[in-house]
Amino acid sequence: MIDEHGYRPNVGIILCNRVNQVFWARRCGQDGWQFPQGGVRPQEPVEQAMYRELREEVGLSPAHIEVLGRTRDWLHYDIPDHFRRRNPNSAFRGQKQIWYLLRLVGQDRDVCLDACERPEFDEWRWIEYWSALEHIISFKREVYERALTELEPLLSSLKTRD
């Protein structure tokens, strides 16, 4: 499903722990690390897509997390030509994303990277909130920065009480 501007609807997930570190995962068989993300199906509400992707990619259910917030609008990025699948009839140019900030209220052991038939990730770790920008592939960096910036105030106002 691609919109009239060539963007595929997608959800991004920033999952944080009790000390505001964020979940960082390595794509299966690759050197690239990223936040969980995935496409929105036709007629699927964006929030439902977030819960589905969270289950498929990270193995977590709504009981394991607290939704802290989401971006107000779609954030867009273009995928460079050399990363796109070759299809001369496609108007695809990139992704548009709604980003969610979630807090893990379950345990680290609740994370399950092989909860679906074709796992997206093969390893994960907690990293400092802003360090994702140092490690994400360059064409996604601006969207990551915009999402992290918009959602960061929710962390300081909603820190868990230990």
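Keep in mind the model is a prediction, meaning the values are calculated, not measured.

Visitor: Would you explain the nonpolar core in this entry?
Guide: Soluble, globular proteins show a tendency: their nonpolar side chains are buried together. Formed by 24 residues in total, the largest nonpolar core has its most connected members in I14, W24, F35, W99 and Y144. Looking at this core, the elements that each hand over two or more residues are β1 (7-16), β2 (22-27), β6 (75-78), β7 (94-104), α2 (132-135) and α3 (138-157). At seven residues, α3 tops the list of elements feeding residues into this core. With near-sequence residues (within four places) excluded, Y144 lies in contact with W24, Q34, F35, Q37, W99, A132, L133 and I136. Counting residues in each nonpolar core, the second largest holds 21 residues, with L60, I65, V111 and L113 among its members.

Visitor: Is there a simple way to think about unusual backbone geometry in this case?
Guide: With a phi close to 65°, N20 is a non-glycine residue in the positive phi region. Mapping N20 onto the fold places it in the loop between β1 and β2. Looking at N20, the relative accessible area reads 11%, which means it is buried. You will see that Q43, though not glycine, has its phi angle at about 65°, which is positive.

Visitor: What exactly am I supposed to notice about the packing of aromatic side chains here?
Guide: Each aromatic ring pair is described using two quantities: the centre-to-centre distance and the angle formed by the ring planes. Summed over the entire model, instances satisfying the criterion amount to 10 aromatic pairs. Taking 6.3 Å as the distance between ring centres and 85° as the angle between the ring planes, the aromatic pair formed by W24 and Y144 counts as edge-to-face. In this pair, W24 sits in strand β2 while Y144 sits in helix α3, placing the two residues 120 residues apart along the sequence. In this structure Y144 comes out as buried when scored by relative accessible area, which is 1%. The rings of W24, F35, W99 and Y144 are connected pair by pair, giving a single aromatic cluster. Over the aromatic face of W74 sits the side chain of K96, whose NZ or CZ is 4.8 Å from the ring centroid. The ring of W33 has R125 lying over it, and the distance from NZ or CZ to the ring centre is 4.0 Å.

Visitor: Whenever I open this one, helix α1 (residues 46-58) confuses me. Can you help?
Guide: In this model α1 runs 17 Å from its N-terminal to its C-terminal C-alpha over 13 residues, within 8% of the 18 Å that 1.5 Å per residue would give. Listed in full, the buried residues belonging to α1 are V46, A49, M50, R52, E53, L54, E57 and V58. Tucked into the core, α1 has its buried residues touching β1, β2, β4 (37-39), β5 (65-70), β7 and β8 (121-127). Two residues or fewer after α1 comes G59, characterised by a positive phi angle close to 75°.

Visitor: What am I meant to see in the environment of Y129 here?
Guide: Within the fold, Y129 resides in the loop between β8 and α2. For Y129, the contacting residues outside a window of four places in its chain are I14, N20, V22, L148, L151, E152 and L155. A distance of 3.3 Å separates the side chain of Y129 from the backbone nitrogen of E152, its partner in a polar contact.

Cut-off values and rules
Residues numbered from 1 in each chain as written. Predicted model: local features only at pLDDT ≥ 70, side-chain atom pairs only at ≥ 80, totals over all residues. Heavy atoms only, no water. Core = buried A, V, L, I, M, F, W, Y, C linked by side-chain atoms within 4.5 Å. Buried < 20%, exposed > 50% of the residue type's maximum accessible area, 1.4 Å probe, protein only. Helix = DSSP H or I, 4+ residues; strand = E, 2+ residues; numbered from the N terminus. Contact = heavy atoms within 4.5 Å. Phe/Tyr/Trp six-rings, centres within 6.5 Å; stacked < 30°, edge-to-face > 60°. Lys NZ or Arg CZ within 6 Å of the ring centre and 35° of its normal. Expected span 1.5 Å × (residues − 1). Polar contact = N/O pair within 3.5 Å; in protein donor to acceptor, adjacent residues only side chain to side chain.

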